[in-house]
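What the coordinates show
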Amino acid sequence: MIFSSEDDAPIALELLPDWGARFGRAAGRLELEIGSGHGGFALAYAKAFPERALVAIEQRKKFAAMVAAKAEKRALPNLLVLCGDARLLAPRLFPAGGLAAIHVHFPDPWWKRRHHRRRLVDDRMSTLLLGLLAPGGLLDFRTDVERYALEAVARLEEAGFANEAGPGRFAEPPPDEIPSTRERRYLATGQPVWRLRLRKP
Ligand SMILES: C[S@@+](CC[C@H](N)C(=O)[O-])C[C@H]1O[C@@H](n2cnc3c(N)ncnc32)[C@H](O)[C@@H]1O
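Residues numbered from 1 in each chain as written. Predicted model: local features only at pLDDT ≥ 70, side-chain atom pairs only at ≥ 80, totals over all residues. Heavy atoms only, no water.

1. Some words on the overall build of the protein chain
Scanning the protein chain from terminus to terminus reveals seven helices and nine strands. Compactness check: the protein chain gives a C-alpha radius of gyration of 16 Å against a globular reference of 17 Å for 201 residues, within 12% of the reference. Summarising its shape, the C-alpha atoms of the protein chain cover approximately 40 × 40 × 30 Å along the three principal directions. Going through the 201 residues of the protein chain one by one, you find that 49% of them count as buried. Within the protein chain, counting contacts between residues at least 6 apart in sequence, those at least 24 apart form 75% of the total. Charge separation in the protein chain, taken as the distance between the mean sites of 31 positive and 25 negative side-chain charges, equals 6 Å. (Helix = DSSP H or I, 4+ residues; strand = E, 2+ residues; numbered from the N terminus. Rg over C-alpha atoms; globule rule 2.2 N^0.38 Å. Buried < 20%, exposed > 50% of the residue type's maximum accessible area, 1.4 Å probe, protein only. Contact = heavy atoms within 4.5 Å. Lys, Arg positive; Asp, Glu negative; His and termini not counted. Charge placed at Lys NZ, Arg CZ, Asp CG, Glu CD.)

2. Some points on the side chain of Thr-143
Within the secondary structure, Thr-143 sits in strand E7 (residues 133–143). Engagement of the side chain of Thr-143 in a polar contact is seen with the backbone nitrogen of Val-145, the distance being 3.0 Å. If we skip the residues at most four places from it in the chain, Thr-143 touches Phe-106, Tyr-148, Ala-149, Val-193 and Trp-194. (Polar contact = N/O pair within 3.5 Å; in protein donor to acceptor, adjacent residues only side chain to side chain.)

3. Some remarks on the site of the ligand
Near the ligand lie 19 residues; those nearest to it are Gly-35, Glu-58, Asp-85, His-105 and Ser-180. Between His-105 and the ligand, the recorded distance is 2.9 Å, taken from a backbone N or O atom to a nitrogen atom. At 2.7 Å, a side-chain N or O of Ser-180 approaches an oxygen atom of the ligand. Contact with the protein chains removes 90% of the 600 Å² of surface that the ligand exposes when unbound. Listed by contribution, the elements that provide at least two residues to the shell around the ligand are strand E4 (53–58), helix H4 (86–93) and helix H7 (181–189). A breakdown of the residues in the shell around the ligand according to their chemical character gives five nonpolar, eight polar and six charged. (Near = heavy atom within 4 Å. Areas by Shrake-Rupley, 256 points an atom, 1.4 Å probe, with all protein chains shown as cover. Nonpolar A, V, L, I, M, F, W, Y, C, P; charged D, E, K, R; others polar.)

4. Digging into the environment of Arg-52
Examined against the element boundaries, Arg-52 turns out to sit in the loop between helix H2 (40–48) and E4. A sequence separation of 27 residues divides Arg-52 from Leu-79, and the C-alpha atoms of the two residues are 8.8 Å apart. Discounting chain neighbours no more than four positions away, the residues touching Arg-52 are Ala-26, Arg-29, Glu-31, Tyr-45 and Asn-78.

5. Overview of the nonpolar core
Core analysis: the largest hydrophobic core is formed by 36 residues, its most contacted members being Trp-19, Phe-23, Ile-34, Phe-94, Ile-102 and Leu-139. With five residues, the top contributor of residues to this core is helix H5 (residues 123–132). Residues contacting Trp-19, with those up to four places away along its chain left out, are Gly-24, Ala-27, Leu-30, Val-55, Leu-80, Leu-93 and Phe-94. Leu-43, Ala-46, Ala-56 and Val-81 belong to the second-largest nonpolar core, a separate cluster that totals 15 residues. (Core = buried A, V, L, I, M, F, W, Y, C linked by side-chain atoms within 4.5 Å.)

6. A few points about the sheet that holds strand E9 (residues 194–199)
Pairing in this open sheet of seven strands is mixed, and the strands run E5-E4-E3-E6-E7-E9-E8 from one edge to the other. Bordering the open sheet on either side are strand E5 (79–83) and strand E8 (162–163), each of which pairs with just one other strand. As paired strands, strand E3 (residues 30–34) and E4 are joined by five bridges and run parallel to one another. Across the sheet, Leu-30 pairs through a bridge with Ala-53, a residue of E4. (Pairing = 2+ DSSP bridges.)

7. Some points on the pairing of E5
Across five bridges, the pairing between E4 and E5 is parallel. When the sheet's bridge partners are listed, Ala-56 is paired in E5 with Val-81. Note that the unit made of E4, helix H3 (residues 61–73) and E5 has a crossover that is right-handed. (Right-handed = clockwise from strand over helix to strand, strands pointing away.)

See below:
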């Protein structure tokens, strides 16, 4: 059983998607991307790692449809793009401890104080992400907003994540990092990016 994010009602395991039937052997390493946007990361990652399965959830229909069409055209059976709010969908799609990695790149910063509650990485989401990861699973978080990064690292460590770089610290980009669409722009202009690589203990 897992618990839905909405009302904490338990969802029976047999009601969750059969990822083995969808992805075959790649389902053995199931990963999630939240807010895939134009899909730069999802498409390149699925191509680079055919033995991994990536579910990308994007709430904007136009973007989700565009990336899904590209995944089909490029014959990437290990990438599934879904349209919807990941905060609601994720706990209904994956069992607790079912994910090897979760990727969250450049979530909308919601600058105004009264909009901060719309931010993706709030207390509830931090606990949900931790619960969905398998022990040792990776949360790969990237942002161009320093204040968001500082708040996120504090909140995620408080929720129970272990920080590979040390408490409160940001990670260097791993040599094999695959940039998201937005990140490619920053790499070209030199704009700073704050990265967190956190593990479920
Ligand atoms: C600033 S864009 C970054 C896109 C991409 N990750 C990148 O780095 O290029 C943030 C994306 O997250 C999506 N998004 C925001 N909240 C979401 C949610 N709760 N569930 C799914 N997608 C979401 C937005 O629609 C948008 O496409």
